[in-house]
Amino acid sequence: MFVSLHQQNPPRFPMNSEPGRNFYFIVIPIMPKNYTKPPISISEQILTLKKRGLIIDDISFAEKILSEISYFRFAAYLRPMENDKITHQFKDNSLFENAVRLYEFDSELRKMLFNAIQHIEVSVRAKVIHNFSMKYGPLWFMNEVLFREKSKYIDNFKCVIREVERSKEDYILEHYRKYDNPPYPPAWKTLELCSFGTLSKLYCNFSDNKIKKEIAHQFNVPNHIVLESWLRSLALLRNYCAHHARLWNRLFNAGPQMNVKLRGSWILYQNVNPNKLYALLCCMAYCLDNLSLGKGKDFKCQLKKELSSHPSIDINAMGFTKNWEQEPLWNTSLEFIVNSL
């Protein structure tokens, strides 16, 4: 049976379940939903918040804050005080200043983590460049055969080359003044330009698991699989920090492996949520512990100081476990005793 669909609105499609019988199902088109909300002034934003029950004692202060921090960004720090997530009505005694304090805490935390991640990133970059180059030569990143998945390799290689072609670094310009071939500088020059995300993808996609395991051991991590998951997570965290995104109660899609046995001081509690910030902080602290110049201890002390200076912050929202400071990883007093033996 032929059915002319253009004559039907909405169109109907025949279904033959029994001989001699036709059944139809109707396709109902989904109408597009248009966004129609207009922009509103800062004064209107404040009036809306007050109508929803937020206490704003200093209007001029609120106007200044919302002129420096967009309402859309700031709203994320108001949500913990909401009683109704649909109507956005606030709980009793909700203060505008509390959201400001939460925003300031998140901003300070972001700066601290960004600074700490750079030490890990620089170390990973140095180890990847040195170990891979010593075994596979200065242009290993151009050799597709050395990587597991071709499509991923092509995407990563494009990112690397794009950074080289737009670079104005003195050492890149000097290289091209001296050399014409091969078309790209060696790994120790080229890979200094790529992002932490691209670097971690090169490591994860590299086919030589033995040399990847050697790098993992340099961070006192048992194997490359664990380090791969940590690098993916830390690269994502680094990007959130760089783009000033909210951290404190975020759910991270790429969580690191946590239930692992490590040689160094680690956590005993095994039910850590890998998609919360605390899990990433643990990985950072462990990696920093295995770098020189006491980076790990400095990081832990800074984090504890930051949390103690903001006692109103709900650390459970970040995934912190009960008595987390007593964990071997975080117990700096225990660390001092062990190092003294």
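Computed from a predicted structure; not experimentally measured.

Draft legend 1. Structural detail: the overall build of the protein. What the protein contains, in helices and strands, is 13 helices and two strands. A buried classification covers 42% of the 341 residues belonging to the protein. For the protein, long-range pairs separated by at least 24 residues make up 62% of all intrachain contacts whose partners lie at least 6 apart in sequence. A total accessible area of about 19900 Å² is found for the protein, and carbon and sulfur atoms account for 53% of it.

Draft legend 2. Highlighting the pattern of salt bridges. According to the stated counting rule, one finds ten salt bridges in the structure shown. Lys135 serves as the salt-bridge partner of Asp208, at 2.8 Å between the closest nitrogen and oxygen. Taken together, the positions of Asp208 in the loop between α8 (196–205) and α9 (209–218) and Lys135 in helix α4 (residues 96–136) put the pair 73 residues apart, joining distant regions of the chain. Judged by relative accessible area, which is 11%, Asp208 ranks as buried. Residue classification places Lys135 among the partly exposed residues on the basis of a relative accessible area of 47%. For the salt bridge of Glu228 with Lys212, the shortest nitrogen-to-oxygen distance reads 2.6 Å. With Glu228 in helix α10 (residues 224–242) and Lys212 in helix α9, the pair connects residues that are 16 residues apart, well separated along the chain.

Draft legend 3. Spatial organisation of the side chain of Asn205. Topologically, Asn205 is positioned in helix α8. When neighbours within four sequence positions are excluded, Asn205 is seen to be in contact with Leu146, Phe147, Arg148, Glu149, Lys152 and Tyr153.

Draft legend 4. Summary view of the packing of α4 against α8. Two elements in contact, α4 and α8, have axes whose closest approach is 11 Å; the angle formed by their N-to-C orientations is 40°. Classified by the interaxial angle, the pair formed by α4 and α8 is oblique. Here α4 runs over α8; the crossing is left-handed. Of the residues in α8, those in contact with Ile117, Glu121, Val124, Arg125, Val128 and Phe132 of α4 are Phe196, Leu199 and Tyr203. Along the lines of polarity and charge, the residues of the contact of α4 with α8 split into seven nonpolar, no polar and two charged.

Draft legend 5. Structural view of the packing of aromatic side chains. Applying the stated criterion across every chain, the model contains 24 aromatic pairs. Ring centres 4.8 Å apart and planes at 35° place the aromatic pair Phe147 and Tyr153 in the tilted group. On the basis of relative accessible area, Phe147 is assigned to the buried category, the value being 6%. Here Tyr153 falls in the buried class, since its relative accessible area comes to 5%. Through a chain of ring-to-ring contacts, three or more aromatic side chains come together here, namely Phe132, Tyr136, Trp140, Phe141, Phe147, Tyr153, Phe157, Tyr184, Tyr203 and Phe206. Here Lys127 stacks its cationic end above the ring of Phe219, 5.4 Å away from the centre of that ring. Stacked on the ring of Tyr203, the Lys or Arg Lys212 has its end atom at 5.5 Å from the ring centre.

Draft legend 6. Just the nonpolar core, in detail. Among the nonpolar cores identified, the biggest contains 97 residues, and Leu113, Leu237, Trp266 and Trp330 are the most heavily contacted of them. A total of 16 residues in this core trace back to one element, the largest contributor, which is α4. Those residues within four positions of Trp266 in sequence are excluded, and the remaining contacts are Trp230, Met258, Val260, Cys282, Cys283, Tyr286, Glu327, Pro328 and Leu329.

Draft legend 7. Quick look at helix α11 (residues 277–289). In this model α11 runs 18 Å from its N-terminal to its C-terminal C-alpha over 13 residues, within 8% of the 18 Å that 1.5 Å per residue would give. Looking at the buried side of α11, the elements it contacts are α4, α10 and α12 (295–308).

Draft legend 8. View of the confidence of the model for the protein. This prediction gives the protein a mean pLDDT of 91; 90% of its residues lie at or above 70. Every residue in residues 1–6 scores below 50 in pLDDT, and together they form nine contacts with partners more than four places removed in sequence or on other chains. Here residues 336–341 is a poorly scored stretch, pLDDT under 50, and it has zero contacts once near neighbours within four places are set aside; other chains count.

Draft legend 9. Examining the packing of α11 against α12 more closely. Their axes nearest at 6 Å, the elements α11 and α12 cross at an angle of 145°. Residue-level contacts link Leu281, Met284, Ala285, Leu288 and Asp289 of α11 to Lys295, Gly296, Lys297, Phe299, Lys300 and Leu303 of α12. Tallied by class, the residues present in the contact of α11 with α12 amount to six nonpolar, one polar and four charged.

About the criteria used
Residues numbered from 1 in each chain as written. Predicted model: local features only at pLDDT ≥ 70, side-chain atom pairs only at ≥ 80, totals over all residues. Heavy atoms only, no water. Helix = DSSP H or I, 4+ residues; strand = E, 2+ residues; numbered from the N terminus. Buried < 20%, exposed > 50% of the residue type's maximum accessible area, 1.4 Å probe, protein only. Contact = heavy atoms within 4.5 Å. Areas by Shrake-Rupley, 256 points an atom, 1.4 Å probe, with all protein chains shown as cover. Salt bridge = Lys/Arg side-chain N within 4 Å of Asp/Glu carboxyl O. Axes fitted to C-alpha atoms, helices over the stretch in contact; angles between N-to-C directions. Parallel < 35°, antiparallel > 145°, perpendicular 65-115°, else oblique. Left-handed = near helix turned anticlockwise from the far one by under 90°. Nonpolar A, V, L, I, M, F, W, Y, C, P; charged D, E, K, R; others polar. Phe/Tyr/Trp six-rings, centres within 6.5 Å; stacked < 30°, edge-to-face > 60°. Lys NZ or Arg CZ within 6 Å of the ring centre and 35° of its normal. Core = buried A, V, L, I, M, F, W, Y, C linked by side-chain atoms within 4.5 Å. Expected span 1.5 Å × (residues − 1). pLDDT = per-residue confidence, 0-100.

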